[in-house]
Amino acid sequence: MKIGIIGAGNIGGNLTRRLTSLGHAVSVANSRGPQTLAALAEETGATAVTATEAARGAEVVVVTVPLKNVPDLPSGLFDEAAEGFVVIDTGNYYPQQRDGRIAAIEEGQTESRWTEQHLGHPVVKAFNGTYAQDLLDRPRPQGDPERLALPVAGDDAAAKRVVRALIDELGFDSVDAGGLDESWRQQPDTPVYGLREGVDAVVKALAEASPERPASFRAQV
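Residues numbered from 1 in each chain as written. Predicted model: local features only at pLDDT ≥ 70, side-chain atom pairs only at ≥ 80, totals over all residues. Heavy atoms only, no water.

Chemist: How would you sum up the overall build of the protein chain? Please name residues and give values.
Modeler: What the protein chain contains, in helices and strands, is 9 helices and 8 strands. For the protein chain, the C-alpha radius of gyration of 16 Å lies close to 17 Å, the compact-globule estimate for 221 residues. Dimensions of the protein chain, computed from the C-alpha atoms along their principal axes, are close to 45 × 40 × 30 Å. Counting all 221 residues of the protein chain, 52% fall into the buried class. Counting contacts in the protein chain only where the partners sit at least 6 residues apart, residues at least 24 apart contribute 69% of the total. (Helix = DSSP H or I, 4+ residues; strand = E, 2+ residues; numbered from the N terminus. Rg over C-alpha atoms; globule rule 2.2 N^0.38 Å. Buried < 20%, exposed > 50% of the residue type's maximum accessible area, 1.4 Å probe, protein only. Contact = heavy atoms within 4.5 Å.)

So, in structure tokens, the structure goes:
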């Protein structure tokens with residue numbers, strides 16, 4: 001597939017490494033310009049581009065930027081994406097550590113619903129609680145007892161199927177975590193966040209989540 005990755009931090013960089021190794025055509029962008037991605041492009045064979053160029057013709061666009069930077073992404077970002085394209089949101093709200101106060105999220109909106117509204121396109125929440133290094137070190141074949149499972153939330157069933165197939169190709173199982181309004185079940189400090197376990201444990205962790213955002217992930221008053 002043609003895949004655009006917007007954000008080249010730990011998750012974006014390692015997804016670039018893995019997806020290019022699987023034969024996908026990957027374009028990668030960051031906020032500092034394509035010239036700063038020369039080393040990653042040379043290492044992986046990905047094409048370093050601007051954010052708008054990363055989405056151009058893409059069947060899947062991964063948005064993996066700090067939450068506070070989502071509103072700064074270019075307007076018309078997806079105008080030239082492929083028909084039926086899917087957006088993956090890997091973001092998390094870290095108000096005390098990075099993002100500052102975002103009122104709508106503090107008032108109960110899920111992180112990915114907030115992101116979706118700013119992007120103007122449905123998103124599928126995935127990879128947000130995944131250790132970036134695990135993308136390189138922990139892939140396992142189907143049926144392997146040590147295969148990790150990742151939660152996936154979203155409202156569009158077809159888009160979720162695309163994302164789950166991609167996760168399977170990367171060497172991980174996935175669990176349908178419900179619609180985007182249920183994606184609080186995989187936000188920071190929930191039982192599934194950072195969980196390195198298989199399907200059954202992920203299903204259990206999602207069920208045990210509380211919708212109340214913990215104090216450590218709320219803006220300080």
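Having seen the structure, we can now continue with the description.
Chemist: For the nonpolar core, give the residues involved together with the corresponding values.
Modeler: Counting residues in each nonpolar core, the largest one holds 28 residues, and the members touching the most others are Leu-15 and Phe-127. For this core, the elements supplying multiple residues, two or more each, are strand 1 (2-6), helix 1 (10-21), strand 2 (25-29), strand 4 (60-63), strand 5 (86-89), helix 7 (132-137), strand 7 (149-152) and helix 8 (157-170). Here this core takes 5 residues from helix 8, the largest share from any one element. Discounting chain neighbours no more than four positions away, the residues touching Phe-127 are Ile-11, Leu-15, Ile-88, Thr-90, Leu-135, Leu-150, Ile-167 and Leu-170. Ile-6, Ala-58, Leu-77 and Ala-219 belong to the second largest nonpolar core, which has 26 residues in total. (Core = buried A, V, L, I, M, F, W, Y, C linked by side-chain atoms within 4.5 Å.)

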